[in-house]
Amino acid sequence: LTPFSASEEMRSTWQGKAGRSPLQSLYESDQFEQSSLQAVHQQRRELLSSVCSRYTRKRRLLQREDLRHLVVDDTHGLLYCYVPKVACTNWKRVMMVLTGQGKYQDPLEIPAHEAHVPSNLRTLSEYSVPEINYRLRTYLKFVFVREPFERLVSAYRNKFTLSYNTAFHKRYGTKIIRRHRQEPSDRALERGDDVRFAEFVYYLLDPRTQQEEPFNEHWERVHSLCHPCIIHYDVVGKYETLAEDANYILQLVGADSSVKFPASSKTTRTTDDMTAQFFQDISPFYQRRLFNLYKMDYLLFNYSIPSYLRIR
């Protein structure tokens, strides 16, 4: 397989239908004139670029497996790198509406499980090398990120504390309990459905974990899923400003005005206060090690060290 070029040519901004980049069109649009949102996204791109240049000494080439999280919308010239636990179900629903040739009208009418069926959306890894390079060079590329530990606790709560996630309990829970619980019960070893957060942290920090296989996508670092130091993202959206960032992207690509990003109604969502509670029982030693594990995501996406951490 020919690796994909990370040249400056590939890193050029997306060219819209009229041959102008969406950012150029934006500058010329009255609607977005001097938009504060425009400035925010410019700052995010600049920060990302400066952190990448500071921390990545050697530029590597993209391989096909690096592109499995990039969902393609050929109709609107859009590439979306999905990150689990960062509104990715709703974004996949929106991408199904955008790419569905009228088959879907309302994202919320699409069942959540259907949004995750691989055949419903194409990823960039499925294309030929010339097609991949063309799309990397010319499509609008975006990713959504979230405060790393909030995302991590959200993944833990979803995968290990809900009774219906038996596949995760069997696949990961049994292994975590076997390795990181002293004198586990036979029931816990068999079912793996009562993993404690501290045990999950020990599992993440255990060198054997990543030696045996890559992290599951729900707790893998964003920089390892979406490669923001190799792929030049035009928009870095944030979970904390989800509605306005989503609307900005849909306007940028000229999506039909009837396509709306679903409003968040979840009252169970993981918050900063909730995350702090989960970290109360984690010793400063393990807090520091876990922070170091996710440090690049904190730096790249401009999240400050959480105030509840005892690592200073």
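The structure presented is a predicted model; accordingly, all values stated were derived computationally and were not measured. (Residues numbered from 1 in each chain as written. Predicted model: local features only at pLDDT ≥ 70, side-chain atom pairs only at ≥ 80, totals over all residues. Heavy atoms only, no water.)

Caption draft 1: Quick peek at the state of the cysteines. Under the counting rule described, the total for this entry stands at two disulfides. Residue pairing for Cys52: its cysteine sulfur links by disulfide to Cys229, the two sulfurs lying 2.0 Å apart. Of note, the bridge from Cys52 to Cys229 carries an S-S torsion of about -85° and is left-handed in sense. Of this pair, Cys52 sits in helix α2 (residues 36-55) while Cys229 sits in the loop between α11 (222-226) and β4 (235-238), and the two are 177 residues apart along the sequence. (Disulfide = S-S within 2.5 Å. Helix = DSSP H or I, 4+ residues; strand = E, 2+ residues; numbered from the N terminus.)

Caption draft 2: Structural context of the pairing of strand β3 (residues 140-145). Counted residue by residue, β3 has six buried out of six residues, so it is predominantly covered. Side chains Leu140, Phe142 and Phe144 of β3 all project onto a buried face; the interleaved residues Lys141, Val143 and Val145 project onto the opposite face, where all are buried too. By the bridge criterion, four bridges tie strand β2 (residues 78-81) to β3 in an arrangement that is parallel. Its bridge partner being in β3, Leu78 is matched across the sheet by Leu140. (Buried < 20%, exposed > 50% of the residue type's maximum accessible area, 1.4 Å probe, protein only. Pairing = 2+ DSSP bridges.)

Caption draft 3: Summary view of helix α13 (residues 272-279). Those residues of α13 lying buried are Thr275, Ala276 and Phe279. One face of α13 carries all of its buried residues, which in axial projection span an arc of 105°. Structural note: α13 exposes Asp273 and Gln277 on the side pointing more than 90 degrees away from its buried face. For α13, the elements touching its buried residues are α6 (148-160), α9 (197-205) and α14 (284-293). (Arc of directions from axis to C-beta. Contact = heavy atoms within 4.5 Å.)

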